[in-house]
Amino acid sequence: GLACRPRLALQSSSSEAALSPAAEHLLSIGFSEDQVRKVASRFGKRAFNPDVERSVKPVLKWLSSLGLSDLQVQKVVSSHSRIFGYSPDEHLTPIVQWLAAVGIGDDQIAKVIARFPALLSYSVEAKLKPTVQWLLDIGVGEA
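Everything numeric here is computed off the predicted structure, so don't read it as measured data. (Residues numbered from 1 in each chain as written. Predicted model: local features only at pLDDT ≥ 70, side-chain atom pairs only at ≥ 80, totals over all residues. Heavy atoms only, no water.)

### A word on the packing of aromatic side chains
Under the criterion given, the structure shown has one aromatic pair. With 6.1 Å between their ring centres and 55 degrees between their planes, Phe 116 and Tyr 122 make a pair best called tilted. Classification of Tyr 122 by relative accessible area gives partly exposed; the value is 24%. Its end group placed over the ring of Tyr 122, Lys 127 keeps NZ or CZ at 5.1 Å from the ring centre. (Phe/Tyr/Trp six-rings, centres within 6.5 Å; stacked < 30°, edge-to-face > 60°. Buried < 20%, exposed > 50% of the residue type's maximum accessible area, 1.4 Å probe, protein only. Lys NZ or Arg CZ within 6 Å of the ring centre and 35° of its normal.)

Below, the structure is given as structure tokens:
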């Protein structure tokens, strides 16, 4: 049960017995207790307490809008819970736009994100563009 979870990670600061609103929301939309524990554990010593309305719901909606299934969304969030710290408009959407610009089709973007959620933490300018350029420079992608 939830009682065996690290208190700091799952509980709001206002009540030792209560789950954080973010943890409660994830449980209410079908995340398993193990998935919520995994998400919370990735926050380290900081409490897992992102703002549900400003962080959690917009990110979950954004992931779903890309065509990820509920199961894929759960896996992405479980493996890369820091995604709740990213703005869909300011950080996440530019990554998807860049992926499309380099030729990854809309139908493939969801698959890419589902298989490699850490991609969402990268900067287009500082990480993605230089990496793709390096791959092109060494001949990857040439016929």
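### A few points about helix α2 (residues 21–28)
Listing the buried residues of α2 in full gives Ala 22, Ala 23, His 25 and Leu 26. Mapping the buried residues of α2 onto a view down its axis gives an arc of 160 degrees, with all of them on the same face. Downstream of α2 by a residue or two, Gly 30 has a phi angle that is positive, lying close to 110 degrees. (Helix = DSSP H or I, 4+ residues; strand = E, 2+ residues; numbered from the N terminus. Arc of directions from axis to C-beta.)

### Considering the pattern of salt bridges
The tally for this structure, following the rule as stated, stands at three salt bridges. One salt bridge connects Asp 34 with Arg 37, and the closest N-O pair in it is separated by 3.0 Å. Here the residue Asp 34 and the residue Arg 37 both occupy positions in helix α3 (residues 33–41), the gap between them amounting to three residues, near one helical turn. Judged by its relative accessible area of 29%, Arg 37 is partly exposed. For Lys 129, the salt bridge identified is with Glu 125, shortest N-O distance 2.7 Å. On the criterion of helical spacing, the pair formed by Lys 129 and Glu 125 is a turn pair, its members being four residues apart in helix α8 (residues 124–137). (Salt bridge = Lys/Arg side-chain N within 4 Å of Asp/Glu carboxyl O.)

### Some points on the side chain of Ser 81
Along the chain, the position of Ser 81 falls in the loop between α5 (70–79) and α6 (88–101). Judged by relative accessible area, Ser 81 falls into the buried class, the value being 1%. A polar side-chain atom of Ser 81 sits 3.1 Å from the main-chain carbonyl oxygen of Val 39. In contact with Ser 81, not counting residues within four places along its chain, are Val 39, Arg 42 and Phe 43. (Polar contact = N/O pair within 3.5 Å; in protein donor to acceptor, adjacent residues only side chain to side chain. Contact = heavy atoms within 4.5 Å.)

Treat this as a map of the structure, not an account of what it does.
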